[in-house]
Amino acid sequence: MARSVDRRSFLIMSSAAASAAALTSCSALEISPNTGGQNSGPAVDTTQKQAPMLQKLVDDGKLPDLAERLPATPFVVPMQEQLGVYGGTMRRAQANPGETGSNYLTYAGLVEWSPTTPSQPQPGLAEKWEISPDGRVYTFTLRQGLKWSDGEPFTTEDILYVFESVLQNKDLNPVFPTWLTVAEKQAVFAAPDELTLTVTFAAPHSLFLKFLCFAPFGGSVLQPKHYLSQFHKELVGKAELEATMKKGSFATWQDLYNAKASRHLNADRPMLGPWRLVKSINATTTTGRIERNPYYWKVDDAGRQLPYIDAATFQVLSLDAIGLRAANGELDLALWDVPETALPVLIKNQDSKPFKVLRWQPDSNTSILLNQSHKDPVIAKLFQTLDFRAGISHAINRTELNDALLAGQGKPVHPCGQAGDAYFDEAFGQRFIEFDPDEANKRLDAAGVAERDGKGMRLRPDGKPMRFTMQTFEVGVGLNQMTVLEYAKRNLAEVGIETVIKTISQDLWYTEIPQGNFDIICYPFPGYQWDIDPLWYVPNSDLTYWAPRFGRWSYDPKNKFSAEPPPEIKALVDTYEQLKVAPNDDERIRLGREILKQHDENVWIIGTMPMPYVPMVVADDLRNVRAEATASFRQHYEGATDVAQLYFAEPNKHS
């Protein structure tokens, strides 16, 4: 049944079509990277072992000599291109007003990702590690002489503090972290001395090193005891703690502690990464700043302390404004939050403005997720019916979407991993992908929603009117979610499914969605390195967007927001737990592919298509940037290029 297109939809689609035409005309979607010209810049003085701003502090007696600030064995960073020069401030922008987008620029890990594709764990704060023959015990050796950004020593005492006083504290962590739980038993941390750390598991842990590389996990076990213990209920007097809470208007001590522990909100918190936070973005401030960490523990091939760049600033802007700033050469590094609508002008302007566009691989497929754990049992059963999901998928005209938004350069696919990942199978993700309204109608009829009202709209299986709310919030990766939903709304109406679109704030999203208070959501779904962030494919978290109540049940079955999943979804969790304790890589990969195979067969996540590439916008004199990488949350986005070695060939132009 044909449906008319309202003016709002028409304007969105017309704008998208115009963008697609521009993309085609300027070859914006060609995959081959443009590395741009390479200006030689000033000569490198290899006798200058630290940044001039730090040398001045040393000369003024305000900072110890470099030899006292570096560890005994600094990590020597292989240069992507060449040795760099010191100086400059990097201009950044972000859409999120709730935190400073410096998370990966202030991060360091015991073990870190190598700047390669695929990436591998490499030494970090730990200069080496050993794994016991049975795969259960990991022994790490820290670099001697490591220091926090305030000059205090970093030792195994800090890590033991986290294990004993944070991870096992029920106020701060009601549930012990699943990434540190194997065979249903918690890891045990021990430290025979200040440099040696052992982590013991009940069974082999095949993913442990990868987990440590991932900032949300690896960073969580690195907290400065000397600073944070003053905010801990068990380590400070009651009167002192209550006075601090009152001064900061914190309702609970754990709210106080978590705020003080945040690397991207608290400028007073000591850091271990290349830069430290000095000004945070928050509810009242839309600009942030980070500056170099004088105690950073990495050097270049000539023994010169990194990072090269002095500082970075962040400004909160709309996605459109970020795209315009990038296209005018007013941002020095932009990856996250660059909208696809900016691609035509970015490609056009890079020949006349001081920037270039690198073409990184995407890790996001804007997808439609039906809430498998819906609170309404009628809708839950409907969404859990394969014919219904197949009907929804066949109803979506991905060819129209592809032509309008990506000049036909996209490849329609459901999320089932990602090329370049060990678990990926290129045959996955193609079931029910074709636009076929007749097949969609047959599948929907078979699912039990054949009856329609007087307007031709389908009724629920219980005969009541059926209308679904499709929700999203602004996310700066993948195809624009609102545009995808506008197309989906029209396509679904043509097969008799009535929907409304609702945008919500990010804060409301993270309140409502984990509780399962939704019908359908739209979100850019990832696939790269998913095994260390398994909630996307395995419902073991209330942030498993396609089944949040099932996810919560996996670790807190008595919670009021939990719901017991059907056997086929429980099996995903069971298979993942087997993957974690796999005795070798072959078995781990086999189990991971079994999880993706189940997604391929069941289509729990209805995909559209990834972008052909992600634009990595860099100043034309920014050096040591990887020409190609995967733009992934699990790879820390721009952090995949090893940010400490970035430098400006002409730093005086970036003051």
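All of these numbers come straight from a predicted model, not from anything done at the bench. (Residues numbered from 1 in each chain as written. Predicted model: local features only at pLDDT ≥ 70, side-chain atom pairs only at ≥ 80, totals over all residues. Heavy atoms only, no water.)

**Q** Any chance you could explain the packing of helix α19 (residues 567-580) against helix α20 (residues 585-602) here in plain terms?
**A** Packed helices, taken two at a time, are described by the angle their axes make and the gap between the axes. At their nearest, the axes of α19 and α20 sit 8 Å apart, and the two run at 165° to each other. With respect to their mutual orientation, α19 and α20 come out roughly antiparallel. At the point where α19 passes α20, the crossing takes the left-handed sense. Only Arg588, Leu591, Gly592, Glu594, Ile595, Gln598 and His599 of α20 make contact with α19, whose side of the interface consists of Leu572, Thr575, Tyr576, Gln578 and Leu579. A class-by-class count of the residues in the contact of α19 with α20 yields 5 nonpolar, 5 polar and 2 charged. (Axes fitted to C-alpha atoms, helices over the stretch in contact; angles between N-to-C directions. Helix = DSSP H or I, 4+ residues; strand = E, 2+ residues; numbered from the N terminus. Parallel < 35°, antiparallel > 145°, perpendicular 65-115°, else oblique. Left-handed = near helix turned anticlockwise from the far one by under 90°. Contact = heavy atoms within 4.5 Å. Nonpolar A, V, L, I, M, F, W, Y, C, P; charged D, E, K, R; others polar.)

**Q** Can you help me understand the pairing of strand β16 (residues 355-360) in this one?
**A** Each regular strand carries side chains that alternate between the two faces of the sheet. Along β16, 6 of the 6 residues are buried, which leaves the element largely enclosed by surrounding structure. Burial along β16 is two-sided: the face carrying Phe355, Val357 and Arg359 and the face carrying Lys356, Leu358 and Trp360 are both buried. Across 6 bridges, the pairing between β16 and strand β22 (residues 614-619) is antiparallel. Paired with Val357 across the bridge in β22 is Val617. (Buried < 20%, exposed > 50% of the residue type's maximum accessible area, 1.4 Å probe, protein only. Pairing = 2+ DSSP bridges.)

**Q** Before we go on, may I ask you to explain empty space enclosed by the protein in this structure?
**A** Where empty space is left in the structure can be found by rolling a water-sized probe over the atoms. Under the definition given, this model contains 2 cavities of 30 Å³ or more. Taken as a whole, the largest cavity spans an internal volume of roughly 290 Å³. Looking at the largest cavity, it is lined by 21 residues, and the ones nearest its centre are Glu112, Trp113, Lys298, Gly639 and Asp642. Considering only residue class, the lining of the largest cavity consists of 11 nonpolar, 6 polar and 4 charged. Considering only enclosed or pocket space, the second largest cavity measures out at about 60 Å³ in volume. Thr106, Tyr107, Ala108, Trp148, Gly219, Leu222, Arg263, Arg269, Met271, Leu272 and Gly273 together form the lining of the second largest cavity. Along the lines of polarity and charge, the residues of the lining of the second largest cavity split into 6 nonpolar, 3 polar and 2 charged. (1 Å grid on protein atoms, 1.4 Å probe; cavity = no way out; pocket = protein on both sides within 12 Å on 5 of 7 lines; lining within 4 Å. Points joined across faces, edges and corners; volume = space filled by probe spheres on them.)

**Q** Can you help me understand the environment of Tyr647 in this one?
**A** Mapped onto the elements of the fold, Tyr647 is located in strand β24 (residues 647-648). Relative accessible area serves as the criterion here: at 2%, Tyr647 is assigned to the buried category. Separated by 537 residues in sequence, Tyr647 and Leu110 have C-alpha atoms that sit 25 Å apart. When near neighbours in sequence (up to four residues on either side) are disregarded, Tyr647 contacts Gln82, Leu83, Gly84, Val85, Tyr308, Ile309, Asp621, Leu622, Arg623 and Asn624.

**Q** Would you mind going over the packing of helix α14 (residues 398-406) against helix α16 (residues 481-493) with me for this structure?
**A** At a minimum axis separation of 11 Å, α14 and α16 run at an interaxial angle of 150°. The angle between α14 and α16 places the two elements in the roughly antiparallel class. At the point where α14 passes α16, the crossing takes the right-handed sense. On α16, the residues that touch Glu400, Leu401, Ala404 and Leu405 of α14 are Thr483, Val484, Tyr487, Arg490 and Asn491.

**Q** Is there a simple way to think about the sheet that holds strand β21 (residues 605-610) in this case?
**A** Working definition: the strands of a sheet are paired by backbone hydrogen bonds and lie parallel or antiparallel to each other. Across the sheet, 5 strands lie side by side as β19-β18-β20-β17-β21; this open sheet has mixed pairing. At either end of the open sheet lies a strand with only one pairing partner, and these are β19 (498-503) and β21. In this sheet, adjacent strand axes meet at a mean angle of 25° when their direction is disregarded. Note: strand β17 (residues 365-370) against strand β20 (residues 520-525), 6 bridges, orientation antiparallel. Paired with Thr366 across the strands is Pro524, a residue of β20. Packing of α16 onto the sheet brings it into contact with β17, β18 (467-472), β19, β20 and β21, and relative to β19 it is tilted by some 165°.

**Q** In this structure, what is going on with the environment of Gln481? I would like to understand it.
**A** Tracing the chain through its elements places Gln481 in helix α16. Distance in space between the C-alpha atoms of Gln481 and Phe432 is 21 Å, their sequence separation being 49 residues. In contact with Gln481, other than residues within four places in its own chain, are Thr366, Thr472, Phe473, Glu474, Val475, Cys522, Tyr523 and Pro524. Here Val475 takes part through its backbone nitrogen, which lies 3.2 Å from a polar atom of the side chain of Gln481. (Polar contact = N/O pair within 3.5 Å; in protein donor to acceptor, adjacent residues only side chain to side chain.)

**Q** Is there a simple way to explain the pattern of salt bridges in this structure?
**A** When the charged atoms of two side chains with opposite charge come close together, those side chains can pair. Throughout the structure, instances matching the rule amount to 28 salt bridges. Salt-bridge contacts for Asp542 lead to Arg552; the nearest nitrogen and oxygen are separated by 2.6 Å. Of the two residues, Asp542 is situated in the loop between β20 and α18 (548-553) and Arg552 in helix α18; the sequence distance between them amounts to 10 residues. Ionic contacts of the salt-bridge type, sharing partners, join the residues Lys210, Asp531, Asp585 and Arg588 into one network. (Salt bridge = Lys/Arg side-chain N within 4 Å of Asp/Glu carboxyl O.)

**Q** What is the right way to read the pairing of strand β10 (residues 196-200) from this model?
**A** Of all the 5 residues making up β10, 4 are buried; the element is thus mostly covered by neighbouring parts of the structure. Bridge count for strand β6 (residues 137-142) against β10 is 5 bridges, and the pairing is antiparallel. Opposite Tyr138, over in β10, you have Val199 as the bridge partner. Bridge count for strand β9 (residues 188-190) against β10 is 3 bridges, and the pairing is antiparallel. Its bridge partner being in β10, Phe189 is matched across the sheet by Val199. Between the end of β9 and the start of β10, which pair antiparallel, lie 5 residues.

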